[in-house]
Amino acid sequence: DIQMTQSPSFLSASVGDRVTINCKASQNINKYLNWYQQKLGEAPKLLIYNTNNLQTGIPSRFSGSGSGTDYTLTISSLQPEDVATYFCLQHSSRFTFGSGTKLEIK
Amino acid sequence: QVQLKESGPGLVQPSQTLSLTCTVSGFSLTSYHVSWVRQPPGKGLEWMGVIWTGGSTAYNSLLKSRLSISRDISKSQVFLKMNSLQTEDTATYYCASKLGAHYFDYWGQGVMVTVSS
């Protein structure tokens, strides 16, 4: 099974900061990597699919990049409403979620 | 309007079997697959398994020996059964699908299950 290592597990940043979250796969996942945002008490919401494609309705301050085994979610200018936990998901071989990154405002 | 909605008992005793139902609306189970994902309190997401449009299934290797996913197409329902429950199985259980073009783009609201005597 493919393992996903997500970092950091916790992140505190100021409004307006650029924020990056990383996921590393245990093998090449050929850009089959999605990112999800989960706010407290809610189901996860798809942000980015296949590494760098923004889901409809998601603000353009969210972006994704990566290839091979290493992937990054970037928030270009952190907003208060971005407080949430973020998860990556590989769908190259079945499905594996990353362990999550809890993002708070400093 | 497409929707997925989980239902089931809120409390299950240790060693017993968990039975959950995901009732879908606005789409057919023969056109879209459905997965189960769970999340222990304060922890991350774990993919449990999927039932594909043709009715075949795939499971997380860590849960495979305890887990069964099935469906009733006429009732638009997907079922999860997991046996030998332990306290570590306490979690919110979600069903999710690929109703747009991307995996896990639609989720149910989730159902909280507590394993306790």
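Our subject in this report is the structure included herewith. (Residues numbered from 1 in each chain as written. Chains lettered and ligands numbered in written order. Predicted model: local features only at pLDDT ≥ 70, side-chain atom pairs only at ≥ 80, totals over all residues. Heavy atoms only, no water.)

### Digging into the nonpolar core
Soluble globular proteins: nonpolar side chains tend toward being buried together. Ranked by size, the top nonpolar core spans 27 residues in total, and within it Trp36 and Tyr93 of chain B carry the most contacts. At the level of secondary structure, the elements contributing two or more residues to this core comprise β3 (18–25), β4 (34–39), β5 (46–51), β7 (67–72), β8 (77–82), β9 (91–97) and β11 (111–115) of chain B. Among the elements that line this core, the one with the most residues is β3 of chain B, at 4 residues. Among all residues touching Tyr93 of chain B, those that are not within four sequence positions of it are Glu6, Leu18, Leu20, Val37, Arg38, Met48, Met82, Gly110, Val111 and Val113 of chain B. In this structure, Met4, Val19, Ala25 and Ile58 of chain A belong to the second largest nonpolar core, which totals 23 residues. (Core = buried A, V, L, I, M, F, W, Y, C linked by side-chain atoms within 4.5 Å. Buried < 20%, exposed > 50% of the residue type's maximum accessible area, 1.4 Å probe, protein only. Helix = DSSP H or I, 4+ residues; strand = E, 2+ residues; numbered from the N terminus. Contact = heavy atoms within 4.5 Å.)

### Looking at the state of the cysteines
Taken as a whole and judged by the stated rule, the model has 2 disulfides over all chains. The side chain of Cys23 of chain A participates in a disulfide bridge whose partner is Cys88 of chain A; the two sulfur atoms lie 1.9 Å from each other. Here the disulfide of Cys23 of chain A and Cys88 of chain A is left-handed, its torsion about the S-S bond being about -85°. Placement of the pair is Cys23 of chain A in strand β3 (residues 19–25) and Cys88 of chain A in strand β9 (residues 84–90), with a sequence separation of 65 residues. Overall, the relative accessible area of 0% leaves Cys88 of chain A in the buried class. With its sulfur 2.1 Å from that of its partner, Cys22 of chain B forms a disulfide with Cys95 of chain B. (Disulfide = S-S within 2.5 Å.)

### Some remarks on the interface of chain A and chain B
The partner chain B presents 19 residues to the 17 residues of chain A that form the contact. Of the roughly 1500 Å² buried between chain A and chain B, counting both surfaces, carbon and sulfur atoms make up 66%. Run the count over chain A and chain B and you get 0 salt bridges. Applying the counting rule to chain A against chain B returns 7 residue pairs in polar contact (both at pLDDT 80 or more). (Buried area = accessible area lost by both parts, 1.4 Å probe. Salt bridge = Lys/Arg side-chain N within 4 Å of Asp/Glu carboxyl O. Polar contact = N/O pair within 3.5 Å; in protein donor to acceptor, adjacent residues only side chain to side chain.)

### Regarding the pairing of strand β11 (residues 101–105) of chain A
Residue and element names in this part refer to chain A. Bridge count for strand β2 (residues 10–13) against β11 is 4 bridges, and the pairing is parallel. Directly across from Phe10, in β11, lies its bridge partner Lys102. Examined bridge by bridge, β9 and β11 share 3 bridges and lie antiparallel to one another. Bridge assignment links Thr85 to a residue of β11, and that residue is Lys102. (Pairing = 2+ DSSP bridges.)

### Regarding the pattern of salt bridges
Enumeration over the complete set of coordinates arrives at 6 salt bridges over all chains. Asp70 of chain A is the partner of Lys24 of chain A in a salt bridge, and the nearest nitrogen-oxygen pair spans 3.1 Å. Here the residue Lys24 of chain A occupies a position in strand β3, and Asp70 of chain A occupies one in strand β8 (residues 70–75), the gap between them amounting to 46 residues. Residue classification places Lys24 of chain A among the partly exposed positions, given a relative accessible area of 42%. Looking at Asp70 of chain A, the relative accessible area reads 40%, which means it is partly exposed. A salt bridge links Arg61 of chain A to Asp82 of chain A; its shortest N-O distance comes to 2.7 Å. Of this pair, Arg61 of chain A sits in the loop between β6 (53–54) and β7 (62–67) while Asp82 of chain A sits in the loop between β8 and β9, and the two are 21 residues apart along the sequence. Comparing Arg61 of chain A with Asp82 of chain A shows no difference in burial state: the two are buried. One continuous salt-bridge network, built from bridges that share partners, spans Arg38, Glu46, Arg66 and Asp89 of chain B.

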